[in-house]
Structure formats: C-alpha cells, structure tokens
Amino acid sequence: MRSAKDFFAPLAVGAPAPVREVPARPSRMIHFFDPSNPKMAAKVPGMVGTVDVLLGNLEDAVKAESKEAARQGLVDIARATDLGEHTQLWTRINSLDSPWALDDLTTLVTQIGAKLDVVMVPKVQGAEDIHYVDRLLAQLEAKAGLTRPILVHAILETARGMANVEEICGASPRMQGISLGPADLAADRRMKTTRVGGGHPGYLVREDPSRDLGEGVDPVTAPRSVHQQDLWHYTIARMVDACAMHGIFPYYGPFGDIKDVVACEDQFRNAFLLGCVGAWSLHPVQVDIAKRVFSPSAEDVAHARRVKEAMGDGTGAVMLDGKMEDDASLKQCLVILELADRLSAGDPELAELYATQEA
C-alpha cells in the first residue's frame with residue numbers, strides 16, 4: 001500500500017515534482033495531425049495560435065511502416081515550431097501493448113520533452129496502465145533534466161476501461177483528462193454501429209399509438225413520431241462524473257463524418273452541456289465548430305453576470321426575469337464566468353464579444 005503522503009512525491013530521483021492541480025488551459029479543440037505526412041506537417045506552423053491543442057498522432061491513423069517516420073516527424077516539428085503561449089503540443093502514442101510505445105516515450109521525452117505538454121495514452125484498461133506510464137515518464141524526465149512534469153491523458157476505448165474509469169482518473173497526479181474513443185469502445189462493447197461517434201437512426205424512441213385516430217385506422221401501423229437518441233449519453237455522463245471527482249477534464253473524442261457539420265455541432269454541444277471542455281478535430285472545418293461550441297455564448301455570459309450581481313453575497317434567492325435564482329443558480333453561473341474569463345484571456349475576439357454583450 002502506498003501512503004497518501006507519498007502521492008505527490010516524484011517517482012524518480014531528479015524528476016520534477018508532480019502537479020497538485022491540473023492547469024486549466026483552454027483546450028476546446030484537440031487538433032490531430034499526422035507528423036509523417038509532409039503536407040500536414042507543413043500546415044502546423046500556420047495553425048499555431050488558431051487552435052488550443054496541436055496533437056501529433058502516432059497511433060491508429062499511422063501505418064506500421066510509417067511509425068518511425070511519424071515519431072521523428074513530430075520531433076522535427078516540435079524543434080522547428082514556436083508554439084507561443086496559447087497553443088499546446090500533445091501527442092498520442094501507440095498503445096502500451098504495441099512494439100512502438102516504449103520508443104515513442106523514450107524518444108519524445110528526451111528530445112522534445114520541454115515542449116511536450118501532454119501524452120495521450122490509447123486503450124487504457126485500468127490504473128496499472130497509468131502507473132506504468134507515470135513511472136517511466138518520471139525516469140525519462142529526470143534523464144532529460146526537465147523542470148516540469150508532462151501530463152497524461154487517457155482515452156476511454158474499452159469496456160474494461162469504462163468499468164475502471166474512476167480509478168483511471170485518480171491513478172496519478174499527472175492525469176490531465178480523459179477522452180471518449182467511441183469507435184474502439186463500440187467494437188469492444190460489441191455495439192452494432194459502424195459510425196465513428198455521433199448517433200444512429202436505429203437507436204430511437206417512438207411515440208405511443210394514438211387511441212383517437214378514428215374507426216378503421218390501426219393505431220399500431222399509423223404514422224407515429226420518432227426521435228433519435230444519443231448512443232453515448234451514459235458513457236459521457238459517467239466519464240464527466242469521474243473526471244469532476246478527481247479534478248481533471250473530460251473531452252468528447254472524434255466525430256468521423258467530416259461533411260456532416262450540423263450533426264458534428266450537435267454532438268459537440270451535447271458533450272459541452274454535459275460538462276466536457278473540448279473535443280477532437282480531425283479536419284480544419286471542425287476547429288471552428290469546436291471553438292464556437294465549447295466557448296460560452298455571449299448571452300449566457302451576460303446572464304451569468306446579471307445573476308452574480310443580483311445575488312450579492314450569494315445567499316438567499318432573487319427573482320430575475322420571472323425566474324428564481326438562488327445559491328445553486330449562482331454556482332452554475334460562476335462555472336460559465338470562470339470559463340469565459342479563461343478563454344477570453346487568450347482570445348481577443350471572445351474578450352470583445354463578451355465585453356460588448358455586457359454593455
């Protein structure tokens with residue numbers, strides 16, 4: 001058994017001290033790129049400052065024969081690119097049971113560790129996977145002489161990982177957050193969908209038969225309203241609860257239908273309303289969607305400010321626009337205001353929008 005007082009001690013001699021609170025940096029979109037693809041790599045410098053997170057992907061989307069090229073490509077990009085203050089650099093390494101994961105970590109941490117903010121670990125099954133990465137990162141950080149710890153982000157892609165999501169979230173002070181990986185999770189659960197995220201037209205509820213259709217009309221076969229349901233509601237809600245309990249951040253993962261921007265925005269907004277702070281973007285068109293959805297609206301920010309002003313010391317209750325606002329309402333509004341302040345600090349357009357709405 002490990003003593004609680006040792007939880008925030010470095011796991012290797014000379015490694016930086018673990019963080020006690022995960023930095024709340026904007027990460028509305030985690031934009032994936034393939035470092036082995038010269039065309040994608042060439043676009044990276046131009047995206048600095050326009051996206052919150054640039055993620056060099058080394059895993060599933062990279063062919064086996066391109067793994068080493070992708071790893072070296074990410075090293076070259078990190079060395080050559082000034083990321084500024086407002087864009088983070090993440091990577092998704094290969095799965096821990098692959099022949100590439102160890103080299104991914106040893107190469108990236110020792111060569112570009114000072115620029116690497118977060119390591120995304122796919123197909124995490126339980127706390128033991130995080131413990132392995134945690135110790136290895138500490139050893140490599142000490143070897144590289146890093147002064148700050150690299151954080152860890154897990155992808156929820158297996159039924160076992162889902163069952164262990166709470167212990168995964170609390171496995172290490174390095175834990176930054178968790179993303180939903182709907183395609184792999186669907187396969188592991190044996191769900192009957194071939195979509196990468198999003199809903200399914202077969203997952204629905206149907207209106208009850210009407211009893212007032214007139215003589216000779218069969219209420220069972222008569223037209224009835226149908227409403228498509230969200231396949232991922234339970235999973236996202238449980239993931240959000242686990243992350244909130246441990247003070248880390250939940251994310252929606254990929255939405256695979258690049259052309260269906262309407263459904264993508266709907267799915268991202270569902271995740272935002274449930275508590276997610278961002279989502280993956282697989283194509284530039286999804287960057288703007290994520291930026292828009294995961295930033296509070298100007299109207300919501302203005303309303304939150306009105307509630308805060310009306311509530312005074314935060315006790316009691318007030319009537320505002322015919323609705324009761326109390327301490328619980330204030331707490332909800334403070335969530336909106338904290339997020340708005342954090343995002344607008346690095347986004348002049350948002351800052352102006354929120355200020356204009358306030359006036």
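Refer to the preceding data block for the structure.
Note that the structure is predicted; figures quoted are calculated from it, not measured.

Cut-off values and rules
- Residues numbered from 1 in each chain as written.
- Predicted model: local features only at pLDDT ≥ 70, side-chain atom pairs only at ≥ 80, totals over all residues.
- Heavy atoms only, no water.
- Helix = DSSP H or I, 4+ residues; strand = E, 2+ residues; numbered from the N terminus.
- Polar contact = N/O pair within 3.5 Å; in protein donor to acceptor, adjacent residues only side chain to side chain.
- Contact = heavy atoms within 4.5 Å.
- Core = buried A, V, L, I, M, F, W, Y, C linked by side-chain atoms within 4.5 Å.
- Buried < 20%, exposed > 50% of the residue type's maximum accessible area, 1.4 Å probe, protein only.
- Expected span 1.5 Å × (residues − 1).
- Disulfide = S-S within 2.5 Å.
- Pairing = 2+ DSSP bridges.
- Axes fitted to C-alpha atoms, helices over the stretch in contact; angles between N-to-C directions.

Here's the deal with the side chain of Glu325
Consideration 1: In this fold, Glu325 is placed in strand β12 (residues 323-326).
Consideration 2: In terms of polar contacts, Glu325 uses its side chain to reach the side chain of Ser329, at 3.2 Å.
Consideration 3: Non-local contacts of Glu325, meaning those with residues more than four positions away in its chain, are made with His303, Val307, Met311, Gly316, Ala317, Val318 and Leu320.

Remarks on the nonpolar core
The nonpolar side chains of a soluble globular protein tend to be buried, and buried together.
Consideration 1: One finds Ile30, Ile178 and Phe268 to be the most contacted residues of the largest nonpolar core, which totals 95 residues.
Consideration 2: Not counting residues within four places of it along the chain, the set of residues in contact with Ile30 comprises Val53, Leu55, Trp90, Met120, Ser179, Tyr251, Ala279, Trp280 and Ser281.

Here we look at helix α4 (residues 127-144)
Consideration 1: Here α4 spans 25 Å end to end across 18 residues, near enough to the 26 Å set by a 1.5 Å rise per residue.
Consideration 2: Contacts from the buried residues of α4 go to α3 (101-112), β4 (118-121), β5 (151-156), α6 (165-169) and β6 (175-180).

With respect to the state of the cysteines
Consideration 1: Inspection of the entire model under this criterion finds zero disulfides.
Consideration 2: For Cys169, which is in no disulfide, the shortest distance to another cysteine sulfur is to Cys243 and amounts to 4.0 Å.
Consideration 3: Its relative accessible area of 2% is what places Cys169 among the buried residues.
Consideration 4: When its relative accessible area of 0% is taken as the criterion, Cys243 is described as buried.

Some thoughts on the sheet that holds β4
Consideration 1: One closed barrel holds the eight strands; their spatial order is β1-β2-β3-β4-β5-β6-β9-β10, and the pairing between them is parallel. The average undirected angle you get between the axes of adjacent strands in this sheet is 25°.
Consideration 2: With five bridges joining them, strand β2 (residues 53-57) and strand β3 (residues 88-92) adopt parallel strand pairing. Bridged to Leu55 within β3 is Trp90.

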